[in-house]
Every structure is written in C-alpha cells, then in structure tokens.
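Residue-level listing of the chains:
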Amino acid sequence: MNAVEIQNLTQRYGTMTVLEDLSLTLDEGEVLGLFGHNGAGKTTTMKLVLGLLNATEGRVRVLGREPNDPQVRRTLGYLPENVTFYAQLSGRETLRHFARLKGAHTSQTDHLLEQVGLGHAADRKVRTYSKGMRQRLGLAQALLGEPRLLLLDEPTVGLDPVATEDLYSLIDGLRQQGCSVILCSHVLPGVERHIDRGAILAGGRLQAVGTLTSLRQEAALPERIRVSGVVDRESWLQRWNAAGHIATPLGNDGIEVVARGDQKLDLLRELLAGETLTDIEIHQPSLTDLYRHYMDQASEVTA
Ligand SMILES: Nc1ncnc2c1ncn2[C@@H]1O[C@H](COP(=O)(O)OP(=O)(O)OP(=O)(O)O)[C@@H](O)[C@H]1O
C-alpha cells in the first residue's frame, strides 16, 4: 500500500490555481523531499495530505483512506512551517497537552523531549525558548503517537548545524522503522543523503520527481573534473578550450574542466596518459544544481 497517493490534484483559491494536475505517490518507509520556490504549492500539498483542505479536483489517499479519516489522522505527524505554542506552558506541559489532543500516551513525552535534545529544558516556560528550541519542540509534537506518516514543513529553520544533522539522523531512523516522510525545505545542501526521492514543484506544477540519480540522468547536466599537479597546464587549457570544452585554471597547478554527456572518461584518460596528477575530484551536479535547472526550465515554459 502507498503511504500517500495523489492523483490529478488541482487546487484553486477563488480563481487562482495553486496546484495543477499533480500526481505523486509515496511508498511506506520512503522519504520524499518536496522542493520549490516560495508559493510553489508545497504547504498546500501538505495540507491536502493532512485533510486540512479539500481538493478542488482530483484524489488524495493516505494509507489507503481519505485524509480526514479519524483513523488516518491518528497516524499522522505534522510540523507546520510556523510553529506556535502557549508561551506560559513549559516544554513538558506543552507536549502533554498535545499528546492528550492527539490521543497519544503522555508517558512518551519525556522520551521525545530527550530525543529532540530538550530534556534539560523540559520544565522551562516556552517563552524562554530560542527559535531553534521551539522548532525542536514542534518536532517532538509531530512525533507524538509514533506516526506512520510524518509531514515536515521547513523543519531545519532555526536549527544550528548540529541540530540539523541530528534531525536528519532522526529521519533516517524513522525511515528504518517504516515511517514515511514528506520533507519540505528550501535548504538543499546536506539533505540529499537523507531523502529517497526529490520532487520539484514550480508554479503549482510538478517539474520533476525521482531519485537523485534519475534526476541527474534526466537533467543531463555536466560534471566538473578538478585535477591538481598538472605540469603542462597552459597547453591543456589551450587544447581543451580550442576543442570546445570549458577548461579553467585552478589554484597553482590545477585545472577544472566541464565534462558533458559521456566526455568524462575520455577527458580523464587523456589527462592520466599525459600527466602525473596529484589529485582528481569529480563533482556531480548537486541537488541545488538540479533544482536550479528545473526552475530555469519552468520559467522558460512560462516566459
Ligand atoms: N488560504 C489561501 N487563500 C488564498 N491563497 C492562498 C492561501 N493559501 C495559500 N495561498 C496561495 O497559494 C500559493 C501556494 O502557497 P503555499 O503556501 O502552498 O506555497 P509554498 O510552496 O509552501 O511556499 P513557501 O515556500 O513560501 O512556504 C501561493 O500563491 C499562496 O499565496
């Protein structure tokens, strides 16, 4: 069974179409990164999956049922983009309050506070929490009731680098336990290793969806080869630029050359045959490069 199944979904606010013919599935135990510009429709998609909005057209199924089915709701965890709490309650009181609302065991709360790194501040009032601490509390709230589907809207906002890594490790652990996750984020560097697939939305339309490998294949962006220890650098630069490659000097004795399509191995063979290099690095297109590519493609279509 799919954790989420979205079929031909269109969402309008009045006359404005904010999602158009969106189809997307999420397997059980899969982590999907949902990326897109401001206003692309990410939060709207999450709200439709959560049953907080009714689709104008199309169908959403969550764990085989309607999103607003009470049985489904109990198995969902949601971290909203702007998380707010009662400032006068402590972290522990806040979490117990949400546990009661969700019908989850209040005995879970101390463990969850420890898990998100708030054990030491459990009895402090939320008004004394930093932004990152509130975000962690929001995460603990989303994890109440051991959800089978977790929707995280900008979960790394306000988190320091260590807390961000902790969050990603937590997501890895949840995935291993079979929890499905949709993770919306504008912070692309670092997230790649923790998602199974990425979906890129622009202007309410799905531009691309797939594993990083399949997105790289589809986008066919060039790779960059960086080498050091090149003795005869000038002649390589001249030869390659004359042959139509983009080659530039790097540091004291290095070159960066852009390899398109199947040129990579030929360029490397050529170099290794003619030089005793001290280092080679190959840079594949990052998620940020792919995101930029699909955004450019979307703006060309709408221009
Ligand atoms: N209640 C609403 N009424 C009217 N328009 C809305 C409403 N909620 C969202 N929109 C519009 O729908 C579009 C998509 O909004 P959404 O919040 O889904 O985008 P997003 O991708 O999550 O953006 P961001 O990255 O800025 O959070 C935007 O143009 C937004 O202005």
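The present account deals with the structure reproduced in this document. Just so it is clear, the model here is predicted, and its values are computed rather than measured.

1. Here's the deal with the overall build of the protein chain
At step 1: In terms of helices and strands, the protein chain carries 10 helices and 13 strands.
At step 2: Judged by the C-alpha coordinates and their principal axes, the protein chain covers about 70 × 45 × 30 Å.
At step 3: Within the protein chain, the proportion of its 303 residues that are buried is 47%.
At step 4: Relative to all contacts within the protein chain whose residues are 6 or more apart in sequence, the contacts with residues 24 or more apart total 67%.
At step 5: Accessible area of the protein chain: about 15,200 Å², with a carbon and sulfur share of 48%.
At step 6: Averaging the coordinates of the 32 positive side-chain charges in the protein chain and doing the same for the 38 negative ones gives two points 9 Å apart.

2. Details of the layout of surface pockets
At step 1: Empty space within the largest pocket amounts to approximately 400 Å³.
At step 2: The wall of the largest pocket is formed by 15 residues, among which Leu76, Tyr78, Phe98, Lys102 and Gln141 lie closest to the centre.
At step 3: Contributing elements (two or more residues each) for the lining of the largest pocket: strand 5 (76–79) and helix 3 (91–102).
At step 4: Looking at the lining of the largest pocket residue by residue, the classes come out as nine nonpolar, four polar and two charged.
At step 5: Empty space within the second largest pocket amounts to approximately 270 Å³.

3. Describing the side chain of Thr164
At step 1: Along the polypeptide, Thr164 turns up in helix 6 (residues 161–176).
At step 2: Assessed through its relative accessible area of 14%, Thr164 is described here as buried.
At step 3: Filtering out sequence-adjacent residues up to four positions away, Thr164 remains in contact with Thr156 and Leu159.

4. Remarks on the sheet that holds strand 13 (residues 279–283)
At step 1: An order of 11-12-10-13 is seen for the four strands of this open sheet, with the pairing classed as antiparallel. Among the strands making up the open sheet, the edge pair consists of strand 11 (246–250) and strand 13. Averaged over all pairs of adjacent strands, the angle between their axes in this sheet comes to 20 degrees, without regard to strand direction.
At step 2: Lying over the sheet, helix 8 (residues 233–242) contacts strand 11 and strand 12 (254–259), oriented at roughly 160 degrees with respect to strand 11.

5. Focus: the nonpolar core
At step 1: Counting 49 residues, the largest nonpolar core has Leu137, Leu139, Leu150, Leu152, Ile171 and Val181 as its most contacted members.
At step 2: Setting aside anything within four residues of it in sequence, one finds Val181 in contact with Leu26, Glu30, Val31, Leu32, Leu150, Leu152 and Ile171.
At step 3: Leu22, Leu24, Val62 and Leu151 belong to the second largest nonpolar core, which has 27 residues in total.

6. A word on the site of the ligand
At step 1: Near the ligand you find 13 residues, and of these Gly39, Lys42, Thr43, Thr44 and His186 are the closest.
At step 2: Thr44 places a side-chain nitrogen or oxygen 2.5 Å from an oxygen atom of the ligand.
At step 3: His186 is positioned with one of its side-chain polar atoms (N or O) 2.8 Å from an oxygen atom of the ligand.
At step 4: Protein chains bury 63% of the 640 Å² of accessible surface belonging to the ligand in isolation.
At step 5: Top contributing element to the shell around the ligand by residue count: helix 1 (residues 42–50), with three residues.

7. Regarding the environment of Asn68
At step 1: Examined against the element boundaries, Asn68 turns out to sit in the loop between strand 4 (57–62) and helix 2 (70–73).
At step 2: Look at Asn68 and you get partly exposed, because its relative accessible area is 40%.
At step 3: Once the C-alpha coordinates of Asn68 and Val187 are considered, the two residues, 119 residues apart in sequence, prove to be 30 Å apart.
At step 4: Those residues in contact with Asn68 that sit more than four places away from it in its chain are Gly51, Asn54 and Arg73.

Conventions adopted
Per-chain numbering applies: the sequence of each chain, read as written, is numbered from 1 onward. Owing to the predicted nature of the model, reporting of local features is limited to residues with pLDDT of at least 70; listing and counting of side-chain atom pairs is limited to 80 or more, with chain, interface and lining totals taken over all residues. Neither water nor hydrogens contribute to the side-chain values; these are computed over all heavy atoms in the structure. Working definition: helices are DSSP H or I runs of at least four residues, strands are E runs of at least two. Numbering for both runs from the N terminus. Burial classes: relative accessible area under 20% of the type maximum marks a residue as buried, over 50% as exposed, and values in between as partly exposed (1.4 Å probe, protein chains only). Note on contacts: a residue pair is in contact if any heavy atoms of the two residues lie within 4.5 Å. Each accessible area is a Shrake-Rupley result for a 1.4 Å probe, and residues are judged covered by the shown protein chains and nothing else. Only four residue types enter the tally: Lys and Arg on the positive side, Asp and Glu on the negative side, with His and both chain ends excluded. Charge coordinates come from a single atom per side chain, which is NZ of Lys, CZ of Arg, CG of Asp or CD of Glu. Only protein atoms enter the 1 Å grid, on which a cavity is a set of points fitting a 1.4 Å probe that cannot get out and a pocket is an open set with protein on both sides within 12 Å along at least 5 of 7 lines, lining residues being those with an atom within 4 Å of a point. Grid points are joined across faces, edges and corners, and a volume is the space filled by probe spheres set on the points. In this classification, Asp, Glu, Lys and Arg are treated as charged, Ala, Val, Leu, Ile, Met, Phe, Trp, Tyr, Cys and Pro as nonpolar, and every other residue, Gly included, as polar. Strand pairing is assigned whenever DSSP identifies at least 2 bridges connecting the two strands. Structural elements are reduced to axes, namely lines fitted to C-alpha atoms, with helices fitted over the stretch in contact, and the angle between N-to-C directions of any two is expressed from 0 to 180 degrees. Residues grouped as a nonpolar core are buried Ala, Val, Leu, Ile, Met, Phe, Trp, Tyr and Cys residues, joined through side-chain atoms within 4.5 Å. Neighbouring residues are identified by heavy atoms, a residue being near a molecule or strand if any of them is within 4 Å of it. Whenever two N or O atoms come within 3.5 Å, that pair is a polar contact, provided that in protein one can donate a hydrogen and the other can accept it, and provided that, for residues adjacent in sequence, both atoms are side-chain atoms.

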